[in-house]
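# Structural overview for review
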Amino acid sequence: MANSTNNFDRRANHLLRSIRLCGGCVPLHRLQFQFSDSVIQTLLDRELVQVQNTGRGFLLEIAEDFSS
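These figures come from a predicted structure and were not determined experimentally.

About the thresholds
Residues numbered from 1 in each chain as written. Predicted model: local features only at pLDDT ≥ 70, side-chain atom pairs only at ≥ 80, totals over all residues. Heavy atoms only, no water. Helix = DSSP H or I, 4+ residues; strand = E, 2+ residues; numbered from the N terminus. Buried < 20%, exposed > 50% of the residue type's maximum accessible area, 1.4 Å probe, protein only. Contact = heavy atoms within 4.5 Å. Core = buried A, V, L, I, M, F, W, Y, C linked by side-chain atoms within 4.5 Å. Pairing = 2+ DSSP bridges. Axes fitted to C-alpha atoms, helices over the stretch in contact; angles between N-to-C directions. Salt bridge = Lys/Arg side-chain N within 4 Å of Asp/Glu carboxyl O.

## So, the overall build of the chain
Looking only at helices and strands, the chain features 4 helices and 3 strands. Secondary structure elements in the chain, listed N-terminal to C-terminal, are α-β-α-α-β-β-α. Across the 68 residues of the chain, 31% fall into the buried class. Counting only contacts in the chain whose residues sit at least 6 apart along the sequence, the fraction spanning at least 24 positions is 52%.

In structure tokens:
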């Protein structure tokens, strides 16, 4: 069980690094094929990322409080 938790945390950290490398925000539809919904939801629940509605789609971005 601990191994699956470590893998999940590793995927969550990889997602955060990926968002940072893309300038702090990424279109949400681009991530849905690379990362599971549960990884994205966990980062949202931990308030490390936030979703912004641009009117033309949704962006997943690093939360301002977290990036400081």
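Back to the text.
## Structural notes on the nonpolar core
Core analysis: the biggest nonpolar cluster contains 16 residues, and L15, I19, L31, I40, L43 and L60 have the highest contact counts within it. Those elements that provide at least two residues to this core are α1 (2–21), α2 (28–31), α3 (37–45) and β3 (58–62). Element by element, the count of residues in this core is highest for α1, at 5 residues. Discounting chain neighbours no more than four positions away, the residues touching I40 are L15, L28, L31, F35 and L60.

## Focus: the sheet that holds strand β1 (residues 25–27)
Sheet strands line up and pair through hydrogen bonds in the backbone, either parallel or antiparallel. A sheet is described by the order of its strands in space; here 3 strands give the open sequence β1-β3-β2, paired in antiparallel fashion. Sheet topology places β1 and β2 (49–53) at the edges, where each strand pairs with a single neighbour. When the angles between neighbouring strand axes are averaged without regard to direction, this sheet yields 25°. Relative to β2, α3 is tilted by about 100°, and along the sheet it contacts β2 and β3.

## Points about the pattern of salt bridges
As enumerated under the stated definition, the model contains 1 salt bridge in all. Notably, a salt bridge pairs D9 with R46, separated by 3.7 Å at the nearest N-O pair. A residue pair is termed long-range when its members are at least 10 positions apart, and D9 in helix α1 and R46 in the loop between α3 and β2 qualify at 37 residues. Classification of R46 by relative accessible area gives partly exposed; the value is 46%.

## Section: the pairing of β2
Both β2 and β3 contribute to a ladder of 5 bridges, which runs antiparallel. When the bridges of β3 are listed, Q52 appears paired with L59. Between β2 and β3, which pair antiparallel and follow one another directly, the connecting turn spans 4 residues, one of which, G55, has a positive phi of 90°.

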